[in-house]
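Here are the chains, one letter per residue:
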Amino acid sequence: MPAGRPAGLPKQAPDRELKALLQEIDPHRVETIVRRLAGFGTRHTLSSQDDPVRGVGAARDWIYEQFQAYAATSGGRMTVELQSYIQPPASRIPEPTRITNVVATLRGTGEPGRIYVVTGHYDSRASDVMDATSDAPGADDDASGVAAVLEVARVMATREVQATVIFAAVAGEEQGLYGSDHLAQQLKGAGADVQAMFSNDIVGTGNSHDGTAADPRTVRLFVEGVPTAETPAQTSTRQSVGGENDGASRQLGRFVQDVAANPQTGMDVRVVWRRDRYLRGSDHISFLLRGYPAARFTEPRENFAHEHQNVRVENGVQYGDLVEFCDFRYIARVARVNAAALWSLAQAPGTPKGVVIDTTQLTNATTLRWQPSTAPDIEGYEVLWRETTAAQWERVLVVGNVTTTTVDVSKDNVFFGVRAVDRDGHRSPVAAPVPG
Ligand SMILES: [Zn+2]
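In short, a report on the structure. (Residues numbered from 1 in each chain as written. Predicted model: local features only at pLDDT ≥ 70, side-chain atom pairs only at ≥ 80, totals over all residues. Heavy atoms only, no water.)

In terms of helices and strands, the chain carries 10 helices and 17 strands. Against the globule reference of 22 Å for 436 residues, the chain gives a C-alpha radius of gyration of 22 Å, in line with a compact fold. The principal-axis extent of the C-alpha atoms belonging to the chain is close to 65 × 45 × 45 Å. Considering only contacts within the chain whose residues lie at least 6 apart along the sequence, 77% involve residues at least 24 apart. Roughly 17,200 Å² of accessible area belongs to the chain as shown, and the carbon and sulfur atoms make up 49% of that amount. (Helix = DSSP H or I, 4+ residues; strand = E, 2+ residues; numbered from the N terminus. Rg over C-alpha atoms; globule rule 2.2 N^0.38 Å. Contact = heavy atoms within 4.5 Å. Areas by Shrake-Rupley, 256 points an atom, 1.4 Å probe, with all protein chains shown as cover.)

Looking now at the packing of aromatic side chains. Aromatic rings in a pair are described by how distant their centres are and how their planes are angled relative to each other. This structure, assessed with the given rule, holds 5 aromatic pairs. Pairing Phe67 with Tyr70 gives two aromatic rings, centres 6.3 Å apart and planes at 85°, and the pair type is edge-to-face. Of this pair, Phe67 and Tyr70 both sit in helix 3 (residues 56–71), 3 residues apart, which is roughly one turn of that helix. Given a relative accessible area of 0%, Phe67 falls into the buried group. Centre to centre, the rings of Phe287 and Tyr292 are 6.1 Å apart; their planes meet at 40°, and the pair counts as tilted. Residue class for Phe287 comes out buried when judged on its relative accessible area of 0%. Classification of Tyr292 by relative accessible area gives buried; the value is 7%. Sitting over the ring of Tyr292, Lys188 keeps its end group 5.1 Å from the ring centre. Over the ring of Trp393 we find Arg386, and its NZ or CZ is 4.7 Å from the ring centre. (Phe/Tyr/Trp six-rings, centres within 6.5 Å; stacked < 30°, edge-to-face > 60°. Buried < 20%, exposed > 50% of the residue type's maximum accessible area, 1.4 Å probe, protein only. Lys NZ or Arg CZ within 6 Å of the ring centre and 35° of its normal.)

What the 3 strands build is an open sheet, ordered 14-13-16; its pairing is antiparallel. Two strands lie at the open edges of the sheet, namely strand 14 (395–400) and strand 16 (414–422), each paired on one side alone. The average undirected angle you get between the axes of adjacent strands in this sheet is 25°. (Pairing = 2+ DSSP bridges. Axes fitted to C-alpha atoms, helices over the stretch in contact; angles between N-to-C directions.)

What follows concerns the coordination of the zinc ion. The protein atoms donating to the zinc ion are His121 (NE2), Asp141 (OD), Asp201 (OD) and Asp201 (OD), with metal-donor distances spanning 1.9 to 2.8 Å. Taken together, the 4 donor atoms coordinating the zinc ion and their angles of 52 to 146° define a geometry best described as irregular. In terms of primary sequence, the donors binding the zinc ion are separated according to H-x19-D-x59-D. Taken as a pair, His121 in strand 3 (residues 111–121) and Asp201 in the loop between strand 5 (193–200) and strand 6 (218–222) lie far apart in primary sequence, 80 residues in all. Take His121 and Asp201: they sit in the same class, and that class is buried. (Donors = N, O, S within 2.8 Å, 3.2 Å for Na, K, Ca; no water. Tetrahedral: all angles 85-135°; square planar, octahedral: opposite > 155°, others 65-115°.)

One finds Val34, Ile63, Phe67, Met156, Phe167 and Phe198 to be the most contacted residues of the largest nonpolar core, which totals 80 residues. At 14 residues, the largest contribution of residues to this core is made by helix 10 (residues 328–347). Those residues in contact with Phe198 that sit more than four places away from it in its chain are Val117, Val118, Thr119, Leu221, Leu252, Val256, Ala295, Phe297, Asn338, Ala341, Leu342 and Leu345. Ile357, Leu368, Val418 and Ala420 belong to the second largest nonpolar core, which has 17 residues in total. (Core = buried A, V, L, I, M, F, W, Y, C linked by side-chain atoms within 4.5 Å.)

A few words now on the sheet that holds strand 11 (residues 356–357). Taken in spatial order, the 4 strands line up as 15-12-11-17 in an open sheet, and their pairing is mixed. Looking at strand neighbours, the two that pair on one side only are strand 15 (404–407) and strand 17 (434–435), the edges of this open sheet. Pairing analysis gives 2 bridges linking strand 11 to strand 17, with the strands arranged parallel. Within strand 17, the position partnered with Ile357 by the bridge is Pro435.

A few words now on helix 8 (residues 248–260). Look at helix 8: 18 Å from first C-alpha to last across 13 residues, which is about the 18 Å you get at 1.5 Å a residue. A large share of helix 8 lies buried, amounting to 11 of its 13 residues. Within helix 8, the full set of buried residues consists of Ser249, Arg250, Gln251, Leu252, Gly253, Arg254, Phe255, Val256, Asp258, Val259 and Ala260. (Expected span 1.5 Å × (residues − 1).)

What follows deals with the packing of helix 8 against helix 10. In the contact formed by helix 8 and helix 10, the axes pass within 9 Å of each other and the chain directions differ by 105°. In this view, helix 8 runs roughly perpendicular relative to helix 10, as classed from their interaxial angle. Taking contact as the criterion, the partners of Leu252, Phe255, Val256, Val259 and Ala260 in helix 8 are, on helix 10, Val337, Ala340, Ala341, Ser344 and Leu345. Grouping the amino acids of the contact of helix 8 with helix 10 by side-chain chemistry returns 9 nonpolar, 1 polar and no charged. (Parallel < 35°, antiparallel > 145°, perpendicular 65-115°, else oblique. Nonpolar A, V, L, I, M, F, W, Y, C, P; charged D, E, K, R; others polar.)

Turning to the side chain of Asp141, a few remarks are in order. Mapped onto the elements, Asp141 comes out in helix 4 (residues 139–157). For Asp141, the residues in contact, after removing those within four places along its chain, are Arg43, His121, Asp123, Ser124, Glu174, Asp201, Ile202, His308 and Asp321.

Here's what the structure looks like:
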């Protein structure tokens, strides 16, 4: 195969500021957050919204205060809001119910219109999904995810980022993804350019407490293949020339492995090529439905006695989603993976847009073109390709600051992609071309 650096592409190492940021992520703060959230007794969506001690409203207000404290360190770049609406009666919602996301937005200083979103859900549940009164500590599901989001928000708040990052503790997940659906719809309705979204849901431990070996250095990342929001025309193209593995979420999975699985996070990212686990779903689906690239972080092996269960002991087995089963150092490492991914996304140029593979004539060369990046510090572009049967990019060719290039490799035999690079070496996710 002519041209291009060979297989085994080097990973993008964290820059100096990212290394410093990762070291600031604090397992003790994670522990405080998880214990505090579990301490609200239940955070069920139908629990009290105005009791200051117990219920989803108390949790909402406490999370809001934390974000406000981080925003106070941001030089005005971070703003915090309670994003709320009244959900009419629907599945698992028996009466009109206020659903409130707690949202902190760190405005980008270079390209504020380019947006990345990270969520954990702060509601919880007991065995009966309609039970709003029993204890439902939800330590792993999903105080752990909220803790990761809060901790990343805290360490990023003090720093300038190129693109905008939205940190959200979303509500109503257990009743049917209501909060994230509202958040995604608000963004879609505003025409927001959301280039990636991560849900952190059940990221509490690498130890499933079921007698199997712990796996404390692995987090799973679920990424769909064929896009949930694919149009009939896109389906037709895919059936013609392939690309099942080249949707924007799959490219996001490759990107996270590239920038966030390294000694500085202390984690391996086990990418799973499916939208979510069997019988389960999370808030990333709300974004996939709107055509936004999205993925879900979750721990490597779950213990289903510790999720969606009333707290009780039965036949000597402890059921319930208790703080004692969480590993705060593990959650901190997951937060580092998120921070590495979000920082690397926000500081890099955006994913190239309008990438087209020229199909106007039959030829054994490949001509690609794309729209110029709007990043103020754009250095240029790289063309990548791989065998059609390969999972990861195998070749990369630096093509300079151009918007079209021709490579002497047949488009019939490989898959191509394009990414943007800035002057500091930050690389964007890869965009797969469409025929045109
Ligand atoms: Zn959950």
